[in-house]
Amino acid sequence: MSEDKPAAKAPGEGGRLLAWAFKNLAGPPEVQGAVQGGSRQARDAWKEDLERRKQWSRDQRERKRAEREARRAER
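Presented here is a report on the structure given in the accompanying data block. On a predicted model such as this, the values are computed, not experimentally measured, just so you know. (Residues numbered from 1 in each chain as written. Predicted model: local features only at pLDDT ≥ 70, side-chain atom pairs only at ≥ 80, totals over all residues. Heavy atoms only, no water.)

The secondary structure content of the chain amounts to two helices and zero strands. For the chain, with 75 residues in total, the buried portion stands at 3%. Surface accessibility of the chain: about 7,600 Å² in total, with carbon and sulfur atoms responsible for 53%. (Helix = DSSP H or I, 4+ residues; strand = E, 2+ residues; numbered from the N terminus. Buried < 20%, exposed > 50% of the residue type's maximum accessible area, 1.4 Å probe, protein only. Areas by Shrake-Rupley, 256 points an atom, 1.4 Å probe, with all protein chains shown as cover.)

Put into structure tokens, the structure is as follows:
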């Protein structure tokens with residue numbers, strides 16, 4: 001009689017406890033309708049917030065680039 005061992009899990013995959021915690025506390029990885037759902041006002045607000053975040057990131061990159069150029073010019 002052979003004993004079939006369960007397939008080895010990848011490192012970091014976790015066990016039953018981690019799977020249960022993720023499923024019940026973090027929720028399933030469902031994103032269907034995340035942006036498309038809801039009201040038009042909510043979608044527009046989400047898009048505006050995303051654009052503000054992108055603009056902030058662009059501004060930060062430009063600021064850092066200007067600082068680097070200023071340091072190079074001093075040398």
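Nonpolar side chains collect at one region of the surface, where Leu 17, Trp 20 and Leu 25 lie side by side and expose about 410 Å² of accessible area between them. Following the sequence through the fold, Trp 20 ends up in helix H1 (residues 16–26). (Patch = residues over 30% accessible without salt bridge, like charges linked within 9 Å, V, L, I, M, F, W, Y side chains within 5 Å. Salt bridge = Lys/Arg side-chain N within 4 Å of Asp/Glu carboxyl O.)

By secondary structure assignment, the location of Arg 58 is in helix H2 (residues 40–74). On the basis of relative accessible area, Arg 58 is assigned to the partly exposed category, the value being 33%. Within polar-contact distance, the side chain of Arg 58 engages the side chain of Glu 51 at 2.7 Å. (Polar contact = N/O pair within 3.5 Å; in protein donor to acceptor, adjacent residues only side chain to side chain.)

A few words now on a positive patch on the surface. Together, Lys 64, Arg 68, Arg 71 and Arg 75 give the surface a local cluster of positive charge. Exposure remark for Lys 64: the relative accessible area of 47% places this residue in the partly exposed category. (Lys, Arg positive; Asp, Glu negative; His and termini not counted. Charge placed at Lys NZ, Arg CZ, Asp CG, Glu CD.)

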